[in-house]
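Residue-level listing of the chains:
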Amino acid sequence: KPPRVFKLIDTASKGLTVTADSVKSVTLKKKGQEDVVLDKGTDYTVATAGYNGTDSEYAGGTVTTIDLANYVNKAAGSTSSTDGILEGATVTVEFEATVNKDAVIAFVGNPNSVELEYSRTPNNVSTKIPGPEVRVYTYEFGILKTDMAGKPIESTSELKGAQFVIARVNDKTETFMAKDATSDAWSDLKEKPTVDAETGVFTTGADGKIAMSGLPAGTYHVYEIKAPTGYTNIGLPDFTFTIGSTIDAVTKAATVTYTKATNTDGRIAFDASNSSQANVKNAKNLTELPMTGDLGIKVFITVGVLLMAAGAAFALSARMRA
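Honestly, the pattern of salt bridges in this entry has me stumped. Any pointers?
Where charged atoms of side chains with opposite charge meet at close range, the side chains can pair. Throughout the structure, instances matching the rule amount to eight salt bridges. Between Glu 224 and Lys 145 there is a salt bridge, with the nearest N and O atoms lying 3.2 Å from each other. Here Glu 224 is found in strand β17 (residues 218-226), whereas its partner Lys 145 is found in strand β11 (residues 139-147), with 79 residues between them in sequence. Like Lys 145, Glu 224 is buried. The closest approach of N and O atoms between Asp 196 and Lys 226, which form a salt bridge, is 3.6 Å. Taken as a pair, Asp 196 in the loop between β14 (186-188) and β15 (202-203) and Lys 226 in strand β17 lie far apart in primary sequence, 30 residues in all. Beyond isolated ion pairs, a larger network of salt bridges with shared partners links Glu 57, Glu 133 and Arg 135.

See the structure below:
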């Protein structure tokens, strides 16, 4: 007495949502020994509170304290009360935070820091030492829907907007994504959303635009699944692009790049004055569609299938008349 102190104190900025449930596990690891997974409540406790410090980057943020007092003091019912303390072990905390609508887009990111408070004297007086700070960087992406002349296609009561879906690409595997309208948090979907689906479908607004934020750096595949009213749904465009960034070691600021994958479809181009916005053209009819490259092949195959179907129907009709 007084009791030993061992706390990990995490401080998250305003753009990262953190709750007591954000702590997923606390594990002790030591070479040559089995991992010891500690129990919440009996071995450690988790408490959250608002940040009340002076660092402006953390204003409005959350402080989460993972307190291992029960374990290091061999409290009744704790793992250490029966097995003893695993001295020399590494304490690993698995911790999750969700990027929210208050997140800083690019710039210097959203900081998250940790410190250790522990007792190191016979009378158990505690001290704090800082740990690493990590920054979560998140980026934006937008779509502007235009006609083949480059004029924005505005959505009105008569002219319904275009619909898009987006997938994260990792090792050629695509994971489609949805965005929560209230929290702005992203989630994964099991399959590609269909036209007019309740989740995972993004529709152009009155200005012909779609705005997405909270995307990490990486590669994405965007599909248009429904054209605006009055425009053809044949040969709808899709494209792959990559969000890349470099972080300045001193200022922590991100320099962002948007790169479209090699694509012969000239209907897609990133805006000259806004590199995060892809301008996507729509045709009103087949005569406006480009007839070269990959799109030309798609349209040719579509028309070919239609012609074959018509031919088969004609042959069947002739046979029936005979």
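I would appreciate a short explanation of the sheet that holds strand β16 (residues 209-215) in the present structure.
As a general point, the strands of a sheet are linked pairwise by backbone hydrogen bonds and lie either parallel or antiparallel. Across the sheet, four strands lie side by side as β16-β11-β21-β20; this open sheet has mixed pairing. The open sheet terminates on both sides in strands that have one partner only, identified here as β16 and β20 (268-270). On average, each strand axis in the sheet is inclined to that of its neighbour by 20°, with strand direction left out of account. By the bridge criterion, three bridges tie β20 to strand β21 (residues 277-282) in an arrangement that is antiparallel. Directly across from Ala 269, in β21, lies its bridge partner Asn 279.

What's the story with unusual backbone geometry in this structure? I'm lost.
Across residues other than glycine, the phi torsion is negative in most instances, and most of the peptide bonds are trans. Positive phi, close to 55°, is recorded for Ala 106, a residue that is not glycine. Relative to the elements of secondary structure, Ala 106 occurs in the loop between β8 (98-99) and β9 (110-119). Not every positive phi belongs to a glycine, and Asp 184 is a case in point at roughly 70°. Counting through the fold element by element, Asp 184 comes out in the loop between β13 (173-179) and β14.

Would you explain the nonpolar core in this entry?
As a rule of thumb, soluble globular proteins bury nonpolar side chains together. Phe 141, Leu 215, Val 222, Phe 239 and Phe 241 are the most contacted members of the largest nonpolar core, which has 24 residues in total. Of all elements in the fold, only β11, β12 (163-170), β16, β17, β18 (238-247), β19 (254-260), β20 and β21 reach the threshold of two or more residues within this core. Those residues in contact with Leu 215 that lie beyond four places of it in its chain are Thr 138, Tyr 139, Phe 141, Ile 166, Met 177, Trp 186, Tyr 220 and Ile 243. Counting residues in hydrophobic clusters, the runner-up holds twelve residues, among them Leu 8, Val 46, Ile 66 and Tyr 71.

Would you explain the sheet that holds strand β4 (residues 36-37) in this entry?
Spatially, the three strands line up as an open sheet ordered β4-β3-β7, and their pairing is antiparallel. In this open sheet, the two strands that pair with only one neighbour each are β4 and β7 (90-95). Where strand β3 (residues 23-29) lies against β4, two bridges are found, and the strand directions are antiparallel. Directly across from Leu 28, in β4, lies its bridge partner Val 36.

Looking at this structure, I do not really get the side chain of Thr 204. What am I missing?
Looking at the element boundaries, Thr 204 is found in the loop between β15 and β16. Looking at Thr 204, the relative accessible area reads 4%, which means it is buried. A distance of 2.9 Å separates the side chain of Thr 204 from the backbone nitrogen of Ala 162, its partner in a polar contact. Non-local contacts of Thr 204, meaning those with residues more than four positions away in its chain, are made with Lys 145, Ser 155, Gly 161, Ala 162, Phe 164, Lys 209 and Ile 210.

Explanation requested: the side chain of Asn 124 in the structure shown.
You can see Asn 124 is positioned in the loop between β9 and β10 (126-136). Excluding residues within four positions of it along the chain, Asn 124 makes contact with Pro 2, Pro 3, Arg 4, Val 5 and Ser 119.

Can you help me understand the pairing of β18 in this one?
Moving residue by residue along a regular strand, the side chains alternate between the two faces of the sheet. Sheet topology note: the β17/β18 ladder contains six bridges and is antiparallel. In the sheet register, Val 222 faces β18, and the bridge partner there is Phe 239. Joining the antiparallel neighbours β18 and β19 is a turn of six residues, in which Lys 252 adopts a positive phi near 70°.

What is the right way to read the layout of surface pockets from this model?
A probe matching the size of a water molecule, rolled over the atoms, marks out where space remains unfilled. Counted as a void, the largest pocket has a volume near 320 Å³. Along the wall of the largest pocket there are 15 residues; nearest its centre are Phe 6, Val 72, Ile 85, Leu 86 and Val 91. Counting only elements with at least two residues in the lining of the largest pocket, the list comes to α1 (69-72) and β9. Within the lining of the largest pocket, the residues separate by chemical class into eleven nonpolar, two polar and two charged. Size it by volume and the second largest pocket reaches roughly 270 Å³. Around the second largest pocket, the lining comprises 16 residues; the ones closest to its centre are Asp 10, Phe 95, Asn 112, Val 114 and Val 134. Of all the secondary structure elements, the ones that give two or more residues to the lining of the second largest pocket are β1 (6-12), β7, β9 and β10.

Conventions we followed
- Residues numbered from 1 in each chain as written.
- Predicted model: local features only at pLDDT ≥ 70, side-chain atom pairs only at ≥ 80, totals over all residues.
- Heavy atoms only, no water.
- Salt bridge = Lys/Arg side-chain N within 4 Å of Asp/Glu carboxyl O.
- Helix = DSSP H or I, 4+ residues; strand = E, 2+ residues; numbered from the N terminus.
- Buried < 20%, exposed > 50% of the residue type's maximum accessible area, 1.4 Å probe, protein only.
- Pairing = 2+ DSSP bridges.
- Axes fitted to C-alpha atoms, helices over the stretch in contact; angles between N-to-C directions.
- Core = buried A, V, L, I, M, F, W, Y, C linked by side-chain atoms within 4.5 Å.
- Contact = heavy atoms within 4.5 Å.
- Polar contact = N/O pair within 3.5 Å; in protein donor to acceptor, adjacent residues only side chain to side chain.
- 1 Å grid on protein atoms, 1.4 Å probe; cavity = no way out; pocket = protein on both sides within 12 Å on 5 of 7 lines; lining within 4 Å.
- Points joined across faces, edges and corners; volume = space filled by probe spheres on them.
- Nonpolar A, V, L, I, M, F, W, Y, C, P; charged D, E, K, R; others polar.

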